[in-house]
Amino acid sequence: MKISKICCIGAGYVGGPTMAVIAQKCPEIKVTVVDINEARIAAWNDENLDNLPVYEPGLDKVVGEARGRNLFFSTQVDAAIQEAEMVFISVNTPTKTYGEGKGQAADLKWIELCARQIAAASDSDKIVVEKSTLPVRTAEAVKDILSNTGNGVKFQILSNPEFLAEGTAVEDLQQADRVLIGGENSPEGKEAIQALVDIYAHWIPRERILTTNVWSSELSKLTANAVLAQRVSSINALSELCEVTEADIDEVARAIGADSRIGGKFLKASVGFGGSCFQKDILNLVYISRSYGLTEVADYWEQVIKMNDHQKGRFARKIVKSLYNTVSGKKIAFLGWAFKKDTNDTRESAAIYVADQLLNEKAQISVFDPKVKYQQIQSDINYLQTRGKEENGALLESVADPYEACKDSHAVAILTEWDEFVQYDWKKIYDSMLKPAKIFDGRNILDHEQLREIGFRVYAIGKPLE
Ligand SMILES: NC(=O)C1=CN([C@@H]2O[C@H](COP(=O)(O)OP(=O)(O)OC[C@H]3O[C@@H](n4cnc5c(N)ncnc54)[C@H](O)[C@@H]3O)[C@@H](O)[C@H]2O)C=CC1
Ligand SMILES: O=C(O)[C@H]1O[C@H](OP(=O)(O)OP(=O)(O)OC[C@H]2O[C@@H](n3ccc(=O)[nH]c3=O)[C@H](O)[C@@H]2O)[C@H](O)[C@@H](O)[C@@H]1O
């Protein structure tokens, strides 16, 4: 079966970049990305490519090449579904905030709405592709909704989870380690799988396109994130041990990573992992395991989250302790608010939780992030509902100049590993700060020796103190 029209529901961090790359690589396929969020669609259609709603290195070029040719962004959801032979579901699947499974299970409200909308808008057979990250066996529910429309239209459900990481999305999509496609083991299922394989085969070597049954595919996505996050929690757990034993976590990571069985990637100690997915997906895995009565399995994975919460908490406590156990009224500069470099995404960023803890101690925080705006920072902190909006507004500011953020501060905390932070004039920053001037490097990116020569007191993750 040859696909000529694709519709993707959800124009977010996954739907936008993923479809842009499919459109770039498959110029003969018309790709329409739809969303109910009008402002988001307008931003995707903005003539000025600097205003795209998702910041990703290289994305402007891809969108610039394909948009208007065979890539379209629209709010006309039904029309796009109707004309497509293949419909991707790429909507958000956050952790439930109410009812059964609150705080752990994935909220599948938007997935179900999409399935119902596809069912209602379709008058020809379609392949429906789960692109969102979903609990194992979700395809069963999607299929149940789609096969009970009574209008004779037939649907095949595929699972095609996305493994891109933010900040490197375009590169990850163009040179994916693997593409995973799960489908039904029937002639129709195999035909649907092949149709999607053919799309990716435009640019991904065939041996990197893995095909499995639907349940393996759904579960592999949760598992991949759980194992990645587990590595970060493992190295972060060891960073605390380094601090009390005078071992150096970067040296330990290099030493163990040199073992090809372990590998060197994803062993960078930090203030804690953030992002919209690691925590959400592990909580989901914990919930699923517990719902099958697998207590030990659930407890095992839950520890990855507990360790991460501990890491964020102890970073904040370290700042308070070293500022003589009080930060009330003291200015603390935050360099970075995004959950990692090269993205404007702040979801579950460690910075939010460290700030919240310091605001509880009445610190005055001044944030500089090259890609995150004041409004987003306020909305992130207000979302926690720890204190009123007015108080947050009075204690937490953001400025457009990093030197301004650091001026007259007692301490500078590095929360995101933006490359530009390394290049700053740290002598100038030192001269503008209150003394003793302190730096808390939550990402271990700065030259600590040089900073100490300037006169800074430096606290880093998993490093011996002076
Ligand atoms: N952010 C990431 O790096 C990755 C995310 N994922 C998964 O991909 C999925 C999407 O994530 P993001 O793109 O980050 O979410 P997002 O929140 O950035 O985008 C989702 C979009 O779907 C839209 N939407 C929701 N319901 C809709 C409906 N019924 N009709 C039309 N539009 C609708 C929303 O308005 C929103 O713009 C999630 O399941 C996530 O776990 C997977 C891999 C990477
Ligand atoms: O499902 C998802 O959403 C995606 O989640 C992660 O991607 P992402 O969260 O965008 O970014 P990562 O590079 O994985 O970083 C996650 C967090 O871990 C932190 N991290 C990462 C690596 C490391 O060594 N140390 C460390 O602290 C990062 O700073 C960041 O806060 C996975 O890497 C992707 O494969 C997956 O598709």
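Rules and cut-offs
Residues numbered from 1 in each chain as written. Chains lettered and ligands numbered in written order. Predicted model: local features only at pLDDT ≥ 70, side-chain atom pairs only at ≥ 80, totals over all residues. Heavy atoms only, no water. Patch = residues over 30% accessible without salt bridge, like charges linked within 9 Å, V, L, I, M, F, W, Y side chains within 5 Å. Areas by Shrake-Rupley, 256 points an atom, 1.4 Å probe, with all protein chains shown as cover. Salt bridge = Lys/Arg side-chain N within 4 Å of Asp/Glu carboxyl O. Helix = DSSP H or I, 4+ residues; strand = E, 2+ residues; numbered from the N terminus. Buried < 20%, exposed > 50% of the residue type's maximum accessible area, 1.4 Å probe, protein only. UniProt positions renumbered as here; feature names shortened; annotations may be inferred. Near = heavy atom within 4 Å. Polar contact = N/O pair within 3.5 Å; in protein donor to acceptor, adjacent residues only side chain to side chain. Nonpolar A, V, L, I, M, F, W, Y, C, P; charged D, E, K, R; others polar. Core = buried A, V, L, I, M, F, W, Y, C linked by side-chain atoms within 4.5 Å. Disulfide = S-S within 2.5 Å. Pairing = 2+ DSSP bridges. Axes fitted to C-alpha atoms, helices over the stretch in contact; angles between N-to-C directions. Contact = heavy atoms within 4.5 Å.

**Quick look at a nonpolar patch on the surface**
The grouping of Leu238, Leu241 and Val244 at the surface amounts to a nonpolar patch, some 280 Å² of accessible area in total. For leucine 241, the position within the fold is in helix α9 (residues 214–245). Owing to a relative accessible area of 48%, leucine 241 belongs among the partly exposed residues under this scheme.

**What to know about the UniProt feature "domain: UDP-glucose/GDP-mannose dehydrogenase C-terminal" (unreviewed entry) in the protein chain**
Here, the residues flagged by UniProt with the feature "domain: UDP-glucose/GDP-mannose dehydrogenase C-terminal" (unreviewed entry) are residues 333–448. Annotation note: span residues 333–448, helix share 39%, strand share 16%, distance between end C-alpha atoms 18 Å.

**A few points about the site of ligand 2**
In the vicinity of ligand 2 lie 20 residues, with Phe163, Leu164, Ser270, Cys277 and Arg443 positioned nearest. One of the side-chain N or O atoms of lysine 340 is found 2.8 Å from an oxygen atom in ligand 2. Considering every element that reaches the shell around ligand 2, the biggest residue donor is α9, with four residues. Here the shell around ligand 2 is built from residues that sort into 11 nonpolar, three polar and six charged.

**Comments concerning the nonpolar core**
Within the largest apolar cluster, 59 residues are counted, with the highest numbers of intra-cluster contacts made by Phe334, Trp337, Leu358, Val412, Trp426 and Phe456. Among the elements that line this core, the one with the most residues is helix α13 (residues 350–360), at seven residues. In this structure, Ala11, Ala23, Ile127 and Ile181 belong to the second largest nonpolar core, which totals 46 residues.

**Here's the deal with the site of ligand 1**
Neighbouring residues of ligand 1: 25 residues in total, closest Asp35, Arg40, Thr93, Glu166 and Lys280. One nitrogen or oxygen atom from the main chain of tyrosine 13 is found 3.0 Å from an oxygen atom belonging to ligand 1. Interatomic distance of 2.6 Å between a side-chain N/O atom of aspartate 35 and an oxygen atom of ligand 1. Computed on the free molecule, ligand 1 has an accessible area of 830 Å², of which 92% lies beneath the protein chains in the complex.

**Details of the state of the cysteines**
If you walk through the whole model with that rule in mind, you get zero disulfides. Between cysteine 8, a free cysteine, and cysteine 7, which holds the nearest cysteine sulfur, the sulfur-to-sulfur gap is 6.9 Å. Looking at cysteine 8, the relative accessible area reads 0%, which means it is buried.

**Brief notes about the sheet that holds strand β12 (residues 411–414)**
In space, the six strands of this open sheet follow the order β11-β10-β9-β12-β13-β14, with parallel pairing throughout. Taken across any chain shown, the strands that pair with only one partner, and hence form the sheet edges, are β11 (396–398) and β14 (457–460). Shown here is a sheet whose adjacent strand axes are inclined to one another by a mean of 20°, direction ignored. With four bridges connecting them, β12 and strand β13 (residues 438–441) associate as parallel partners. Within β13, the position partnered with isoleucine 414 by the bridge is aspartate 441. Sitting on the sheet, helix α14 (residues 374–383) touches β10 (364–368) and β11, and the angle it makes with β11 is about 155°.

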